[in-house]
Amino acid sequence: MNKKQDVSQQGNNKQTAPTRTPSPPAERVGRGRAGVEQDAAPSNTASCNCNPLYFQALRWGIDSLYLNYPGLIFPVVDTRLVSLKKKAQSQDPSEQASAQYQIGEHTFEVKDKAPKGFAYVLEDGSFRIQISRSSKLPCAYVKISSAYLAHVGPTAAETAARQVIDELIEVKDAPGVSRIDLFVDFASTENMEWDRSAWVTRAHDIDRYSEKGVFTGWVVGKGGVISARLYHKLLQAAKIGAGYLLELWSEVGWDGETDVWRLEFQLRRELLAQHGLTKLPAVLNNLNGLWSYATTEWLRLTLPNPEDKTRSRWPIHPLWGHLSSIDWETNGGPLSRRYSPTRLPGDDWLYTHALSVLIAFMARERIHDLYLGNQALMARMCRYHAKKAERLEQMFEDYIERKLASKGRLFNTLLNDPDLPEKLDEDVLQEQVRAYRLAAKGGD
C-alpha cells in the first residue's frame, strides 16, 4: 500500500484506563459472543434498529492474541533446540529441511534466527513460539494465529497453546496478555473516505492509505499502546487468500456484493495493565469495557461542525454509533469449521501462478493446445532441472526430494526425518555425558 502523507495531530497522546462498565452511545448490537466458543450455532438475526442496507455487523471477536508464559526451558528441550537451530543455519538444504520439532499434531519449523533476547523460534500455522533463556523476558512468547482463533476461539486456542508450551518449558504462572486485537467485520454502503478532521482522538497520528489509486482505509495512533485500523477487509481477504472469511460472512447474511470493512483495535500490555488486566481470563471478561473505552473515549468518528470550535461536542457519525454499540457479551458469529495447523498456499495463489507459468511457456513456444502445452512444459522443466542436478552432482530424484523436503518444512506438512527425535535424544545423552565428565574433572 502507498501511504499518503496525511498526518494530523489532534489532542494529546496520554492513555487512560478503559472503563469497566461501558455506557454505549447507542443501543448495543448483539448477535454473538466475540470469538468465544459456543455449543450451538450462533444466530445473526438483528437485534438492532439499523438499516441493514447501510450497516450490517457480520463478525466480531479477537483477531490476534499474544501471550507470555513465565517459566524455565527444560534442559532436554534446550539441547534439542540447539541442534535443530544449527541444522536450520546449515548451508546444506538437507540439513535445513530437518530443522523441525514435532509436538502432537504440530510439526514446527525451527528458525535459524531469533529476535533479540530470545534463543529459539518455532512456527506453524497455529502458533509462533519464541523461547528465551533470559530471566528478564518471559520464557515463552506465543502468537496465536487469526485463522486458528477463528476456528476455536480464544479460550480453546490458549488451552491448545498451553499443551504445546508444557512440552517445552516448566510454566511458573498463568499466561499474561502482551497484546490483543479486537475487530468487527461489517458490510456498509458508507463512503469511508471522509475528511480526517472527522476523527476526534487522543492519538497524534491519523494516516490515510490507498493502493493503486483506490482508497483502502485509515490507521490511527500507529505504534502506540493502543491503535486503530479501519480498512477494506474484502480487498485484503482476496489478497491474502482468506477465503474462509467469505464463507463466514455469507453464513450470517452477507449478500456477497456489498463492501466489507473491518474496524480493529490493537491493545498492548501497557494499556491493559493500566486497568489491572494482565491475565487472559480478566481480559476476556472485560471486552465490553475495552471496546467502550476505545470507541467512546480514545477515538470517535464525528460529523464535523465548523461553527462549533469545541470538537468534543460534534455529533457522532451514524456509522460510529453502530460500531461502538457492539455487545461483546454476545456471540460474534460462527467459527470456521475447517482448519489445519499447516501454512499452505491458497488455491488462488497456487493455481494463478501455475497457469501464468503455463501460459507464458505456451506463448513463447507458440503452442495453442492447453494439454499439449502442459506436457511440453513438464518435459522441458524436467530436462532443465535434471541438468541442474547433474551439475550439482546429484541424482535427479534426490534433487527433487530435497526441494520437496524444504517446502514440507516451510508448510509444516512433512516430517522430513522421522528418526529425528531419537537422534536428538542421542545428542541430549552425549551432552549429559560431556557435562558429567567435565564436572568429574573439576570443570577443566
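Per-chain numbering applies: the sequence of each chain, read as written, is numbered from 1 onward. For this predicted model, a pLDDT threshold of at least 70 governs which residues receive local features, and a threshold of 80 or more governs which side-chain atom pairs are given and counted, while totals over whole chains, interfaces and linings are taken from all residues. With hydrogens and water set aside, each side-chain value is computed from the structure's full complement of heavy atoms.

### Observations concerning the overall build of the chain
Turning to step 1, where the next piece is worked out: Within the chain, the regular secondary structure consists of 14 helices and 16 strands.
Turning to step 2, where the next piece is worked out: Counting all 444 residues of the chain, 46% fall into the buried class.
Turning to step 3, where the next piece is worked out: In short, Shrake-Rupley with a 1.4 Å probe defines the accessible areas, and a residue's cover is counted only from the protein chains shown. In the structure as shown, the chain presents an accessible area of about 23,100 Å², 52% of it carried by carbon and sulfur atoms. By the criteria applied, helices consist of DSSP H or I runs no shorter than four residues and strands consist of E runs no shorter than two, each listed in order from the N terminus. Categorising residues by exposure relies on relative accessible area from a 1.4 Å probe, with only protein chains included: less than 20% of the type maximum marks a residue as buried, more than 50% marks it as exposed, and the intermediate range marks it as partly exposed.

### Some points on the packing of aromatic side chains
Turning to step 1, where the next piece is worked out: Only rings of Phe, Tyr and Trp enter the pairing, Trp through its six-membered ring, and a pair is recorded when the two centres are within 6.5 Å. The plane angle decides the type: under 30 degrees is stacked, over 60 is edge-to-face, the rest tilted. All chains considered together, the criterion is met by 15 aromatic pairs.
Turning to step 2, where the next piece is worked out: Judged by centre distance (6.1 Å) and plane angle (35 degrees), the rings of Y66 and Y141 are tilted. Linking Y66 in strand 2 (residues 55-69) with Y141 in strand 8 (residues 140-144), this pair joins segments that are 75 residues apart in sequence.
Turning to step 3, where the next piece is worked out: Ring geometry for F127 and Y148: centres 5.6 Å apart, planes at 85 degrees, overall edge-to-face. Of this pair, F127 sits in strand 7 (residues 127-131) while Y148 sits in helix 3 (residues 146-152), placing them 21 residues apart in sequence. Of the two residues examined, F127 and Y148, each falls in the buried class.
Turning to step 4, where the next piece is worked out: Above the face of the Y231 ring, R229 is positioned so that its terminal group lies 4.0 Å from the ring centre.
Turning to step 5, where the next piece is worked out: Cation over ring: R262 sits above F183, and NZ or CZ is 4.0 Å from the ring centre. In this scheme, the term charge over a ring applies when either NZ of a lysine or CZ of an arginine sits within 6 Å of the ring centre and within 35 degrees of the ring normal.

### Topic: the side chain of S126
Turning to step 1, where the next piece is worked out: Here S126 shows up in the loop between strand 6 (120-123) and strand 7.
Turning to step 2, where the next piece is worked out: On the basis of relative accessible area, S126 is assigned to the buried category, the value being 1%.
Turning to step 3, where the next piece is worked out: Contacts: residue pairs with any heavy atoms within 4.5 Å of one another. Other than its neighbours up to four places away in sequence, S126 contacts H106, K143, I144, S145, Y148, Y339 and P341.

### Some thoughts on the pairing of strand 13 (residues 214-220)
Turning to step 1, where the next piece is worked out: Burial of strand 13 is extensive: six of the seven residues sit out of reach of the surface.
Turning to step 2, where the next piece is worked out: Where strand 12 (residues 206-211) lies against strand 13, six bridges are found, and the strand directions are antiparallel. Counterpart to E211 in the pairing with strand 13 is V214.
Turning to step 3, where the next piece is worked out: In sequence, strand 12 turns back onto strand 13 through a hairpin of two residues, with K212 there showing a positive phi of about 55 degrees.
Turning to step 4, where the next piece is worked out: For two strands to be treated as a pair, DSSP must find no fewer than two bridges joining them. Taken together, the four bridges between strand 13 and strand 14 (residues 226-232) define a ladder with antiparallel strand orientation. Along strand 14, the bridge assignment pairs G217 with Y231.
Turning to step 5, where the next piece is worked out: A loop of five residues connects strand 13 with strand 14, the two strands running antiparallel in sequence, and G221 in this loop sits at a positive phi of about 75 degrees.

### Some details on the pairing of strand 5 (residues 106-110)
Turning to step 1, where the next piece is worked out: Burial analysis of strand 5 places five of its five residues in the buried class, which makes it a mostly covered element.
Turning to step 2, where the next piece is worked out: Burial of the side chains of strand 5 extends over both faces: H106, F108 and V110 are buried on one face and T107 and E109 on the other.
Turning to step 3, where the next piece is worked out: The pairing of strand 4 (residues 100-103) with strand 5 spans four bridges and is classified as antiparallel. The residue of strand 5 that forms the bridge with Q100 is E109.

### Regarding the pattern of salt bridges
Turning to step 1, where the next piece is worked out: Think of a salt bridge as a Lys or Arg side-chain nitrogen and an Asp or Glu carboxyl oxygen that are within 4 Å of each other. Tallied over the full model, the rule gives 23 salt bridges.
Turning to step 2, where the next piece is worked out: Close ionic contact of R409 with E109 constitutes a salt bridge, the shortest N to O distance being 3.7 Å. Placement of R409 in helix 13 (residues 396-411) and of E109 in strand 5 is noted, with a sequence separation of 300 residues between them. For the pair formed by R409 and E109, the shared burial category is buried.
Turning to step 3, where the next piece is worked out: With a shortest N-O distance of 2.8 Å, D166 and R162 are connected by a salt bridge.
Turning to step 4, where the next piece is worked out: Relative accessible area serves as the criterion here: at 27%, R162 is assigned to the partly exposed category.
Turning to step 5, where the next piece is worked out: Here the salt bridges do not stand alone but share partners, grouping R59, D63, D185, R229, R262 and E264 into one network.

### Details of the packing of helix 11 (residues 347-365) against helix 12 (residues 370-391)
Turning to step 1, where the next piece is worked out: Where helix 11 contacts helix 12, the two axes come as close as 9 Å, and the packing angle between them is 95 degrees. Our classification of the angle between helix 11 and helix 12 gives roughly perpendicular. Across from V357, L358, F361, M362, R364 and E365 in helix 11, the residues of helix 12 making contact are L370, G373, N374, A376, L377 and R380.
Turning to step 2, where the next piece is worked out: Here the residues of the contact of helix 11 with helix 12 are counted per class, giving seven nonpolar, two polar and three charged. Where helices are involved, their axes are fitted lines through C-alpha atoms of the stretch in contact, as for all axes, and angles between N-to-C directions lie from 0 to 180°. Oblique is the label for any angle not covered by the other classes, which are roughly parallel (under 35 degrees), roughly antiparallel (over 145) and roughly perpendicular (65 to 115). Each residue gets one of three labels, nonpolar for Ala, Val, Leu, Ile, Met, Phe, Trp, Tyr, Cys and Pro, charged for Asp, Glu, Lys and Arg, and polar for the others, Gly among them.

### Details of unusual backbone geometry
Turning to step 1, where the next piece is worked out: Although it is not a glycine, R366 sits at a positive phi angle of roughly 60 degrees.
Turning to step 2, where the next piece is worked out: One non-glycine residue, N412, lies in the positive phi region at around 60 degrees.
Turning to step 3, where the next piece is worked out: Here N412 is to be found in the loop between helix 13 and helix 14 (420-440).

### Brief notes about the nonpolar core
Turning to step 1, where the next piece is worked out: To form a nonpolar core, buried Ala, Val, Leu, Ile, Met, Phe, Trp, Tyr and Cys residues must be joined to one another through side-chain atoms within 4.5 Å. Ranked by internal contacts, the top residues of the largest apolar core, which has 80 residues, are L81, F127, I129, I180, F186 and F265.
Turning to step 2, where the next piece is worked out: Counting residues in hydrophobic clusters, the runner-up holds 10 residues, among them L234, A237, A242 and L245.

### As for the confidence of the model for the chain
Turning to step 1, where the next piece is worked out: Summing up the model confidence of the chain, the mean pLDDT is 84 and the portion of residues at 70 or higher is 82%.
Turning to step 2, where the next piece is worked out: The quantity called pLDDT is the predictor's confidence in a given residue, expressed from 0 to 100. In this model residues 1-28 is a low-confidence stretch, pLDDT under 50, and it forms 94 contacts with partners more than four residues away in sequence or in other chains.
Turning to step 3, where the next piece is worked out: Overall, residues 30-49 carries pLDDT values under 50, and its contacts beyond four positions in sequence, including any with other chains, amount to 65 contacts.

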